[in-house]
There are 2 protein chains.
Amino acid sequence: MQPVTDLDSLSLEETTYRRLRQALMEGAFEPGQKLSIRRIAAALGTSAMPARTALRRLATEQAVDVLPSGTAIVPRLTRAAFRELGTIRAELEPLALRLAAPRIGGPRLSELEAIVRDGWAAREANNPEEVLRADRDFLFVLYHAADAPMLLSIIEALWMRRGPHFWDARWIIIGRVPAENRHAEILDALRAGKGDEASAELKAEIESTTAYLLEQMPFADDPVEDGGFDRLRSPAGSTRKRRAAVGPSG
Amino acid sequence: MQPVTDLDSLSLEETTYRRLRQALMEGAFEPGQKLSIRRIAAALGTSAMPARTALRRLATEQAVDVLPSGTAIVPRLTRAAFRELGTIRAELEPLALRLAAPRIGGPRLSELEAIVRDGWAAREANNPEEVLRADRDFLFVLYHAADAPMLLSIIEALWMRRGPHFWDARWIIIGRVPAENRHAEILDALRAGKGDEASAELKAEIESTTAYLLEQMPFADDPVEDGGFDRLRSPAGSTRKRRAAVGPSG
DNA sequence: AATGAACATTTGTGATCACGTTATAGTAGG
DNA sequence: CCTACTATAACGTGATCACAAATGTTCATT
């Protein structure tokens, strides 16, 4: 894969935006976490300006919410919002896969195979971080292959909104007994040139995972009992200090 | 319809953003038109800051393109981009209609009826501006009724990108002989409680209109002959000066 | 110890400025 | 009449400042 851009030649505002975007998609922030302009600017060693614009851009995509005071906050999803997210994903991501199917060549297939293998190994090793990473990588290799830039950016926006909660729920996700390896089946369908089958499989995966999480995950509008949102953190009591908004060194 | 917010209580940046967004969706700008920060700021009587943030937000939604120099420009769509737009719309807008269908009550139905009547009258009067407005209003009443905020904002982003070209092509659109009144049929289906039928009808409309325009409209990557982009302006030689970016008085 | 008021800090917003780049118009040369 | 160059204007970017609103903290009071 070619380097998307030379980071050095980009404006500060653009790099700030991309780093926040990536962090959000990967679940590096916790739901409810406040992202203040000055803090982010300080963490990146710039003035407030690039951080301000970057945050407002994210708010436009609804990747962050914005309090009445103007402060950006990592969204806490309501059940309705999470359901909506699932509904849209179940429509758009299979579409992307359908567009990508005829464009997947041999090299891409082996790349995908490797990712599926990694994901499977991580699952057996009970390593949820790695499982989630592999799942995400698998899908986005496909979505990039669709060569539909608008569609891709819409899907990314959906993932940004979902990312923080997904990350929080990684122990729930990993706890689900995987009847079969769905990504392996998608891969098989792609190898056989059955794009529509792969697409249907993906749609089923998104819908069933969404339904499962609606049952298992706590949401912002659930009645609070015993700490509410703060259960289901990682088991080894990781009560560490909230991580810095953006670390300049990664 | 309730006033969404009171404009006076909003930040300058937010009002700037909303005005540009509306203008884009309605096709008030021409493809290729440059939107400079300072010009827009001057037109609104503010400093450059709100205009800067507003334009960057629009760029994030891909509602405007950004030249290498950083200047925002109203997009000129390539055929591929227009096709992609149609493909995404054909997936999302029927979804929105499906979600909206069970929520459409009597008052909404009469509102929709009135809009359809207006549109039909405008078509007979050969008034393309009014036809396009009615079509847009009809659909967005439905999309709002879906009560799915993310979905709505995605759809609006798609329309923003399409708006300028659509406006340019209004004489082509109006010139197409309408076999039947599709929106009336959608309305009938809704009245009968057949949301899926309405949705399928809408999908067909989007797909056939997209295909039709792909044949009839000139695109940014078409070979230029005889003025290229500049044919198909309104017949009464409206060679008026390019309208101001944003008029402060509306 | 719990409550509330006063203070200090942090926050977003918008304006202004400096800097380097890009686009544009005018002019000279072919 | 067209092209190439140059000077001037306009542009985007990022930093900094002032201001008002919101937030968090401290301390006195009950």
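Everything below is about the structure shown above.
Residues numbered from 1 in each chain as written. Chains lettered and ligands numbered in written order. Predicted model: local features only at pLDDT ≥ 70, side-chain atom pairs only at ≥ 80, totals over all residues. Heavy atoms only, no water.

Draft legend 1. Geometry of the packing of helix H6 (residues 128–145) of chain A against helix H9 (residues 182–191) of chain A. Residue and element names in this part refer to chain A. At a minimum axis separation of 11 Å, H6 and H9 run at an interaxial angle of 25°. It follows that H6 is roughly parallel to H9 by the angle criterion. Here the hand of the crossing between H6 and H9 comes out left-handed. Two secondary-structure elements touch here, H6 through Asp135, Phe138, Leu139 and Leu142 and H9 through His183, Ile186 and Leu190. Across the contact of H6 with H9, the residue classes break down as five nonpolar, one polar and one charged. (Axes fitted to C-alpha atoms, helices over the stretch in contact; angles between N-to-C directions. Helix = DSSP H or I, 4+ residues; strand = E, 2+ residues; numbered from the N terminus. Parallel < 35°, antiparallel > 145°, perpendicular 65-115°, else oblique. Left-handed = near helix turned anticlockwise from the far one by under 90°. Contact = heavy atoms within 4.5 Å. Nonpolar A, V, L, I, M, F, W, Y, C, P; charged D, E, K, R; others polar.)

Draft legend 2. Spatial organisation of the protein's contact with DNA strand C. Close to DNA strand C lie 20 residues, the nearest being Arg38 and Arg52 of chain A together with Leu12, Lys34 and Ser47 of chain B. A share of 62% of the atoms of DNA strand C within 4 Å of the protein falls on sugar and phosphate groups. Within the backbone of Leu12 of chain B, an N or O atom sits 2.5 Å from a phosphate oxygen of DNA strand C. At a separation of 2.8 Å, a phosphate oxygen of DNA strand C approaches a polar side-chain atom of Lys34 of chain B. (Near = heavy atom within 4 Å. Polar contact = N/O pair within 3.5 Å; in protein donor to acceptor, adjacent residues only side chain to side chain.)

Draft legend 3. Just the interface of chain A and chain B, in detail. On the side of chain B, 26 residues touch chain A, which itself brings 26 residues to the contact. Taking both sides of the interface into account, the surface hidden between chain A and chain B amounts to around 2,400 Å²; carbon and sulfur atoms contribute 68%. Three residues stand out in chain A for area buried against chain B, namely Thr60, Glu91 and Met150 of chain A, and they jointly supply 27% of the buried area on that side. Between the two partners, chain A and chain B, sit two salt bridges. At the boundary of chain A and chain B, one finds eight residue pairs in polar contact (both at pLDDT 80 or more). Every element with two or more residues in the side of chain A that touches chain B is listed here: helix H1 (12–25), helix H3 (48–60), helix H4 (79–100) and helix H7 (149–168) of chain A. Among the elements that make up the side of chain A that touches chain B, the one with the highest residue count is H4 of chain A (eight residues). Counted by class, the side of chain A that touches chain B contains twelve nonpolar, five polar and nine charged residues. (Buried area = accessible area lost by both parts, 1.4 Å probe. Salt bridge = Lys/Arg side-chain N within 4 Å of Asp/Glu carboxyl O.)

Draft legend 4. Seen up close, the sheet that holds strand E1 (residues 34–35) of chain A. Residues and elements named next belong to chain A. An order of E1-E3-E2 is seen for the three strands of this open sheet, with the pairing classed as antiparallel. At either margin of the open sheet sits one strand with a lone partner, and together these are E1 and strand E2 (65–66). Where E2 meets strand E3 (residues 72–73), two bridges bridge the pair, whose relative direction is antiparallel. Looking across to E3, one finds that Val66 is bridged to Ala72. (Pairing = 2+ DSSP bridges.)

Draft legend 5. Representation of the relation of the copies chain A and chain B within the structure. Note on the copies: chain A fits chain B at an RMSD of 0.0 Å, the axial shift is 0.0 Å, and the rotation between them is 180°. Both copies are brought into coincidence by an operation consistent with a two-fold rotation axis. Closest approach to the rotation axis among the C-alpha atoms of chain A is made by Arg57 of chain A, whose C-alpha sits 2.4 Å away. A share of 100% of interface residues in chain A that are also interface residues in chain B marks the association as one of identical surfaces. (Least-squares fit on C-alpha atoms with pLDDT ≥ 70 in both.)

Draft legend 6. Geometry of the environment of Leu35 of chain B. All names here are of chain B. Residue position: Leu35 is located in strand E1 (residues 34–35). Taking C-alpha positions, Leu35 is 5.3 Å from Ala72, a pair spaced 37 residues apart along the chain. Not counting residues up to four positions away in its chain, the partners in contact with Leu35 are Phe29, Ile40, Leu55, Val64, Thr71, Ala72 and Val74.

Draft legend 7. Fine view of the protein's contact with DNA strand D. The local shell around DNA strand D holds 19 residues, among which Leu12 and Ser47 of chain A together with Arg38, Arg52 and Arg56 of chain B are the closest. Within 4 Å of the protein, the contacting atoms of DNA strand D are 56% sugar and phosphate, with bases supplying the remainder. Here a phosphate oxygen of DNA strand D and a side-chain polar atom of Lys34 of chain A are 3.1 Å apart. The side chain of Ser47 of chain A places a nitrogen or oxygen atom 2.5 Å from a phosphate oxygen of DNA strand D. For the surface near DNA strand D, the secondary-structure elements that each account for two or more residues are H1 and H3 of chain A together with helix H2 (37–44) and helix H3 (48–60) of chain B. When residues in the surface near DNA strand D are grouped by element, the largest group, three residues, is from H2 of chain B. Here the surface near DNA strand D is composed, by residue class, of four nonpolar, eight polar and seven charged.

Draft legend 8. Fine view of the nonpolar core. Counting 146 residues, the largest nonpolar core has Leu92 of chain A together with Leu92 of chain B as the members making the most contacts within it. Apart from residues lying up to four places away in sequence, Leu92 of chain B is in contact with Ile88 and Leu92 of chain A together with Leu151, Ile154, Ile155 and Leu158 of chain B. (Core = buried A, V, L, I, M, F, W, Y, C linked by side-chain atoms within 4.5 Å. Buried < 20%, exposed > 50% of the residue type's maximum accessible area, 1.4 Å probe, protein only.)

Draft legend 9. Here's a closer look at the packing of aromatic side chains. Evaluation of the coordinates by the stated rule reveals six aromatic pairs over all chains. Their ring planes at 50° and their centres at 5.2 Å tell us that Phe82 of chain A and Phe219 of chain A sit as a pair that is tilted. In this pair, Phe82 of chain A is assigned in helix H4 and Phe219 of chain A in the segment after helix H10 (195–216), connecting sequence segments 137 residues apart. Residue class for Phe219 of chain A comes out buried when judged on its relative accessible area of 2%. Every member of this aromatic cluster is reached through a ring pair, and the members are Phe140, Tyr143 and Trp159 of chain A. A cation sits over an aromatic face here: Arg57 of chain A above Tyr17 of chain A, 3.8 Å from the ring centre. Over the ring of Trp159 of chain B we find Arg162 of chain B; its NZ or CZ atom is 4.0 Å from the centre of that ring. (Phe/Tyr/Trp six-rings, centres within 6.5 Å; stacked < 30°, edge-to-face > 60°. Lys NZ or Arg CZ within 6 Å of the ring centre and 35° of its normal.)

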